[in-house]
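The primary structure of each chain is shown beneath.
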Amino acid sequence: MKKQMYSGPSVARILVLLLGGLFAASTLHGQASSIPSSQLINVEDLSRTLQSGKGEKPIILQVGSHVLYQQAHIPGSDYAGAGSTEAGLTQLKERVEFVPKKKFIVLYCGCCPWSHCPNVKPAFDTLHALGFTNVKVLYIANNFGTDWVNKGYPVASGH
Amino acid sequence: MLLVAIVLVIVLSIHRKDGNTRRESRPSAPDFSLSQLNGQSLQLASYRGKVVLLDFWATWCDPCRDEIPHLIELQNKYRAQGLQIIGVSMDDSPDPVRDFSQHFKMNYPVVMGNADIGRLYGGVLGLPIAFLIDREGRIQKKFIGATSASVFEQNIQSLLKSGT
């Protein structure tokens with residue numbers, strides 16, 4: 001009886017698995033979690049880099065929500081469009097059009113918990129595709145308020 | 001026996017007074033007037049007398065989106081008892097919010113937020129964030145990050161029953 005119930009992998013089952021895999025892959029494409037850890041910079045290290053008088057200062061680009069940027073952002077950072085939208089990626093491309101490909105660039109968002117951020121991965125991929133070789137993404141575990149502002153790091157607001 | 005009863009009454013009255021004082025000492029929810037998706041203005045103060053759940057969210061925020069169906073259910077379930085949910089979208093433009101609202105048949109008003117209301121509420125620098133406001137217009141609870149439907153419901157029920 002048990003042998004009769006086992007029908008093996010049906011075509012429908014394989015299709016479901018394939019579609020599930022494709023969906024997972026497409027979801028992962030936009031997820032910050034899939035950015036290699038070697039391409040991340042944490043808040044302490046970025047803060048140290050910005051405060052230090054030595055070394056190359058990065059271009060810092062916020063690639064998330066403009067409303068959140070207007071409330072608070074890293075001093076000296078520019079708003080470069082939401083990475084999750086086509087319009088945002090176009091804005092990012094325009095922002096870096098004349099930037100040397102070896103320039104140190106830091107991207108950040110902080111809209112939501114890291115694993116849910118829809119913005120940094122597409123922005124990172126875009127710069128990578130454009131040939132930028134020194135791009136880091138600021139690892140913000142929870143959100144910009146909790147992990148940057150509330151920890152007392154410098155903040156600017158407006159525009 | 002009488003002594004025990006007197007002590008019990010005193011302890012209970014102190015406890016109740018302490019609870020009321022704590023509730024009354026909560027900060028007032030900053031008033032605001034913002035445009036809804038239909039173009040009409042919404043003023044928070046006009047909801048005085050209701051328990052208000054002010055939900056800061058955005059269409060691009062996964063945890064926010066996950067909460068919306070639960071908020072729709074809560075609005076349906078507790079509307080008659082005086083619950084009013086108000087969504088404050090922190091999207092940069094209203095178009096995706098309008099689409100989302102129609103698709104999910106959101107049954108409560110949604111206004112377009114901005115940096116000013118974010119600052120007014122202490123900085124909305126990560127989503128979702130929600131504030132539970134009592135019938136007197138005081139903030140009784142702040143929910144930072146994704147919050148389960150049962151936690152929302154428990155707090156809403158408690159505030160609806162308390163009469164304040």
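I will try to describe carefully the structure that is included in this document. (Residues numbered from 1 in each chain as written. Chains lettered and ligands numbered in written order. Predicted model: local features only at pLDDT ≥ 70, side-chain atom pairs only at ≥ 80, totals over all residues.)

Regarding the interface of chain A and chain B
Taken residue by residue, the interface counts 21 residues in chain A and 18 residues in chain B. Where the side of chain A that touches chain B is concerned, the elements lending two or more residues are α4 (66-71) and α7 (144-149) of chain A. The biggest single contributor to the side of chain A that touches chain B is α4(A), with five residues. (Contact = placed C-beta atoms within 7 Å. Helix = DSSP H or I, 4+ residues; strand = E, 2+ residues; numbered from the N terminus.)

Digging into the pairing of strand β6 (residues 129-133) of chain B
Residues and elements named next belong to chain B. β6 sits mainly inside the fold: five of its five residues count as buried. By the alternation rule, side chains of β6 split into I129, F131 and I133 and A130 and L132, which are all buried. Across five bridges, the pairing between strand β3 (residues 51-57) and β6 is antiparallel. By the bridge assignment, F56 is partnered in β6 with I129. Relative to strand β7 (residues 139-144), β6 runs antiparallel, the two being bridged by five bridges. Across the sheet, residue F131 finds its bridge partner in β7, namely K142. Remark: five residues form the turn of the hairpin made by β6 and β7, two consecutive strands paired antiparallel; G137 in that turn has positive phi of roughly 85 degrees. (Buried ≥ 20, exposed ≤ 12 C-beta atoms within 10 Å, placed from the backbone. Pairing = 2+ DSSP bridges.)

A closer look at the nonpolar core
The biggest cluster of nonpolar side chains holds 74 residues, and the ones touching the most others in it are A:V63, A:L107, A:V120 and B:L127. If near-sequence neighbours (up to four positions away) are discounted, A:V63 is found in contact with A:A80, A:G81, A:A82, A:G83, A:G88, A:L92, A:L107, A:C109, A:N119, A:V120 and A:A123. (Core = buried A, V, L, I, M, F, W, Y, C linked by C-beta atoms within 7 Å.)

Topic: the packing of helix α5 (residues 86-95) of chain A against helix α6 (residues 120-129) of chain A
Residue and element names in this part refer to chain A. The geometry of α5 relative to α6 is characterised by a closest axis approach of 10 Å and an angle of 40 degrees between their N-to-C directions. Taken together, the axes of α5 and α6 lie oblique to each other. The way α5 lies across α6 gives a crossing that is right-handed. Facing L89, L92 and K93 of α5, the residues of α6 in contact are P122, A123 and T126. Broken down by class, the residue content of the contact of α5 with α6 amounts to four nonpolar, one polar and one charged. (Axes fitted to C-alpha atoms, helices over the stretch in contact; angles between N-to-C directions. Parallel < 35°, antiparallel > 145°, perpendicular 65-115°, else oblique. Left-handed = near helix turned anticlockwise from the far one by under 90°. Nonpolar A, V, L, I, M, F, W, Y, C, P; charged D, E, K, R; others polar.)

Comments concerning the packing of helix α2 (residues 62-78) of chain B against helix α5 (residues 149-162) of chain B
Residue and element names in this part refer to chain B. Interaxial distance between α2 and α5 falls to 10 Å at its minimum, and their mutual angle equals 25 degrees. Considering the angle they form, α2 stands roughly parallel to α5. Regarding α2 and α5, the two cross each other, and that crossing is right-handed. Here α2 contributes H70, L74 and Y78 to the contact with α5, which in turn contributes A149, F152, E153, I156 and L160. For the contact of α2 with α5, a count of residues per class yields six nonpolar, one polar and one charged.

Any link to function would need more than the numbers given here.
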